[in-house]
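# A structural walkthrough
Next come the chains, spelled out residue by residue.
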Amino acid sequence: MRFPPTNVVCCNTSSTSIKVKWEPPSVEGNSLEIVGYELHFRPRSGASRLWSIFRTCKSILNATLKPLKKFMEYDIRVTTFNTNGPGNFSKIVRCFTDEDGE
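A short tour of the structure in this document, coming up. None of these values were measured; they are calculated from a predicted model.

## Some words on the state of the cysteines
Linking two cysteines covalently via their sulfur atoms produces the bond known as a disulfide. Summed over all chains, the structure comprises 1 disulfide. For C10, the disulfide goes to C95, at an S-S distance of 1.7 Å. Between C10 and C95, the S-S dihedral sits near 100°, and the bridge is therefore right-handed. Pair noted here: C10 is in strand β1 (residues 6-14) and C95 is in strand β8 (residues 93-96), with a separation of 85 residues, a long-range link. Across the pair, C95 and C10 agree in class, each one buried. For the unlinked cysteine C11, the closest cysteine sulfur is that of C95, found at 6.9 Å.

This is the structure:
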């Protein structure tokens, strides 16, 4: 099995967006080359058990998720993928979207 991305962090960038950053796996346990990364995210409220997916190429180590719901906590996890599919997931990180300014 391949090792997951490391040092996954997130911060809100607006009331409907979250920026996520990560680092490549510290050790590659498989001889297959990483093609890209998948970010899986969902509202933490439990309203949905389904994960939404956002993909990036292997040279991109950050992404902005949008449009998201206002002032909502999200579960976010990252994995690598190659021609055989996704690898192991990172630990889940949690972030809130911002409140609307009035």
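## Overview of the pattern of salt bridges
A full pass over the atoms with the stated rule returns 5 salt bridges. Here K58 ties to E33 by a salt bridge, and the two come within 1.9 Å at their closest N and O atoms. In this pair, K58 sits in the loop between β4 (52-57) and β5 (62-65) while E33 sits in the loop between β2 (17-23) and β3 (36-43), placing the two residues 25 residues apart along the sequence. What makes E33 exposed here is its relative accessible area of 54%. The partner of R94 in a salt bridge is D75, with the nearest N and O atoms 2.7 Å apart.

Rules and cut-offs
- Residues numbered from 1 in each chain as written.
- Predicted model: local features only at pLDDT ≥ 70, side-chain atom pairs only at ≥ 80, totals over all residues.
- Heavy atoms only, no water.
- Disulfide = S-S within 2.5 Å.
- Helix = DSSP H or I, 4+ residues; strand = E, 2+ residues; numbered from the N terminus.
- Buried < 20%, exposed > 50% of the residue type's maximum accessible area, 1.4 Å probe, protein only.
- Salt bridge = Lys/Arg side-chain N within 4 Å of Asp/Glu carboxyl O.

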